[in-house]
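Listed below are the residues making up each chain.
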Amino acid sequence: MSKGKFCLIISAVLYGVSPILAAVAYRGGINGITLTFLRSSVSVPLLLAIILADKRPLRLPKRALGSVAALGVFGGALPILLLYLSYNFISTGLATTLHFIYPIVTVVASAVIYHERMPRIMLSAVVLVTVGIFMFSDIDARSDKVGIILALLSGLFYSFYVIYIDRSGLDRLDYMVLTFYVMLIMSAATLIFGLVTDSLSFDFSPLSWSVSVVISLMVTLGAMPLFQAGIRYEGASAAGVLSTVEPVTSVALGALFLGERVEAGQLMGAGMILFGVILAERGLRKKEDQAALH
């Protein structure tokens, strides 16, 4: 397995652990907006300390300032805020499922907008993964349309995050420096949103504080830099497909540690996703071999 694929899969596993920890934090009284703010803000001082200690250049190129700002707002803060807002209308399971339209959006956008050629095996993988994702859902006639729209929009904007890193050249920036600025912008955007909507509340248990810090460090120092590295090595389409290991991880850990029930359809969906990921890995290897021949 190549370095890029390894980074993407480990990143997806870490992201998949995050909802399980979030469920624990919610039990202590924290709400989604506050958790989003802490997830981005807690790690900012630590990232800055690491960057300064390693004597990495903190200053961004002028041409990258606008791109980083757009990434932080539209690819960072907005998808997470929309996802957490959707939790007010529909279940977290359904919201997370609908959020995962972004792999198919990423692949289709790369093919249509950027004329990226995809091997048939890769397209088959996308179909399998997409069907598998929707087999996780518990959508029914009672589901609220507003929540469904918010969750779908969160996936749409996250696909922007994946594609924009790949196509804007931001993947060539230092991982830690890029993560620092994205988290800084996410913190500011979430803080403003929380203050305007009066949805920030810090009256929750010490356990929620502790779990929030763990989530922040795990995402900021692990999942996000690994994902950015994976995009650099493998491209946006591969990142979109391989990251679907995330919901499988969440469902498996939820069953193991939270006692959540796993339906037969979810097991079938997980199998389709994993099979799709295997196909995607073979498709990427085929693409690499063809590139090497030329």
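Residues numbered from 1 in each chain as written. Predicted model: local features only at pLDDT ≥ 70, side-chain atom pairs only at ≥ 80, totals over all residues. Heavy atoms only, no water.

1. Looking at the overall build of the chain
- When helices and strands are tallied, the chain shows 13 helices and 0 strands.
- Reading the chain from its N end, one meets helices and strands in the order α-α-α-α-α-α-α-α-α-α-α-α-α.
- Going through the 294 residues of the chain one by one, you find that 51% of them count as buried.
- Considering only contacts in the chain between residues 6 or more positions apart, those separated by 24 or more positions represent 90%.
- Of the roughly 13,700 Å² that the chain leaves accessible, carbon and sulfur atoms contribute 67%. (Helix = DSSP H or I, 4+ residues; strand = E, 2+ residues; numbered from the N terminus. Buried < 20%, exposed > 50% of the residue type's maximum accessible area, 1.4 Å probe, protein only. Contact = heavy atoms within 4.5 Å. Areas by Shrake-Rupley, 256 points an atom, 1.4 Å probe, with all protein chains shown as cover.)

2. Focus on a nonpolar patch on the surface
- There is a patch of nonpolar side chains on the surface, built from Leu46, Val213, Leu217 and Leu221 and spanning about 250 Å² of accessible area.
- The greatest single-element share of the nonpolar patch, amounting to 3 residues, is contributed by helix α10 (residues 206–234).
- On the secondary structure map, leucine 46 appears in helix α3 (residues 44–53).
- Residue leucine 46 is classed as partly exposed on the basis of its relative accessible area, which comes to 34%. (Patch = residues over 30% accessible without salt bridge, like charges linked within 9 Å, V, L, I, M, F, W, Y side chains within 5 Å. Salt bridge = Lys/Arg side-chain N within 4 Å of Asp/Glu carboxyl O.)

3. Some details on the environment of threonine 244
- Inspection of the secondary structure assignment puts threonine 244 in the loop between α11 (236–242) and α12 (245–257).
- Separated by 12 residues in sequence, threonine 244 and arginine 232 have C-alpha atoms that sit 18 Å apart.
- In contact with threonine 244, other than residues within four places in its own chain, are Phe100, Pro103, Val129, Ile133, Ile273 and Val277.

4. Considerations on the environment of leucine 58
- Examined against the element boundaries, leucine 58 turns out to sit in the loop between α3 and α4 (62–86).
- On the accessibility criterion, leucine 58 (24% relative accessible area) is partly exposed.
- With 139 residues separating them in the primary sequence, leucine 58 and threonine 197 have C-alpha atoms 33 Å apart.
- Leucine 58 has contacts with Leu48, Ile51, Val177, Phe180 and Tyr181, leaving out every residue within four places of it along the chain.

5. Quick look at the nonpolar core
- Counting residues in each nonpolar core, the largest one holds 67 residues, and the members touching the most others are Tyr161, Val162 and Phe227.
- Here the element with the most residues in this core is helix α9 (residues 175–197); it accounts for 8 residues.
- Among the nonpolar cores identified, the runner-up in size contains 6 residues, and Leu83, Ile90, Ala95 and Ala151 belong to it. (Core = buried A, V, L, I, M, F, W, Y, C linked by side-chain atoms within 4.5 Å.)

6. Things to note about the packing of aromatic side chains
- One pass over the full model with this rule turns up 10 aromatic pairs.
- The interplanar angle of 70 degrees and the centroid separation of 5.1 Å between the aromatic rings of phenylalanine 180 and tyrosine 181 together place this pair among those described as edge-to-face.
- The ring of tyrosine 114 is capped by arginine 167, whose NZ or CZ atom sits 4.2 Å from the centre of that ring. (Phe/Tyr/Trp six-rings, centres within 6.5 Å; stacked < 30°, edge-to-face > 60°. Lys NZ or Arg CZ within 6 Å of the ring centre and 35° of its normal.)

7. Topic: α4
- Here α4 spans 36 Å end to end across 25 residues, near enough to the 36 Å set by a 1.5 Å rise per residue.
- Of all bends in α4, the biggest is about 35 degrees, found at leucine 78, and the proline proline 79 comes one to four residues later. (Expected span 1.5 Å × (residues − 1). Bend = angle between axes of the 7 residues up to and from the residue.)

8. Let's talk about the confidence of the model for the chain
- This prediction gives the chain a mean pLDDT of 84; 92% of its residues lie at or above 70.
- Helix α5 (residues 92–99) is the least confidently modelled element of the chain, averaging 72 in pLDDT, while α3 averages 94, the highest of any element. (pLDDT = per-residue confidence, 0-100.)

9. Quick look at the packing of α4 against helix α8 (residues 145–168)
- At a minimum axis separation of 8 Å, α4 and α8 run at an interaxial angle of 155 degrees. Regarding the angle of α4 to α8, the classification is roughly antiparallel. Both α4 and α8 take part in a crossing whose hand is left-handed. Along the contact surface, α4 presents Ser67, Ala70, Leu71, Phe74, Gly75, Gly76, Leu78, Pro79, Leu82, Leu83, Leu85 and Ser86, while α8 presents Gly147, Leu150, Ala151, Leu153, Ser154, Phe157, Tyr158, Phe160, Tyr161, Tyr164 and Ile165.
- Among the residues forming the contact of α4 with α8, the class breakdown is 17 nonpolar, 6 polar and no charged. (Axes fitted to C-alpha atoms, helices over the stretch in contact; angles between N-to-C directions. Parallel < 35°, antiparallel > 145°, perpendicular 65-115°, else oblique. Left-handed = near helix turned anticlockwise from the far one by under 90°. Nonpolar A, V, L, I, M, F, W, Y, C, P; charged D, E, K, R; others polar.)

10. Notes on the packing of helix α1 (residues 3–27) against α10
- Relative orientation of the contacting elements α1 and α10 amounts to 160 degrees, with a least axis distance of 8 Å. Between α1 and α10, the interaxial angle falls into the category roughly antiparallel. When the axes of α1 and α10 are compared, the crossing they make is left-handed.
- Residue classes in the contact of α1 with α10 are distributed as 23 nonpolar, 6 polar and 3 charged.

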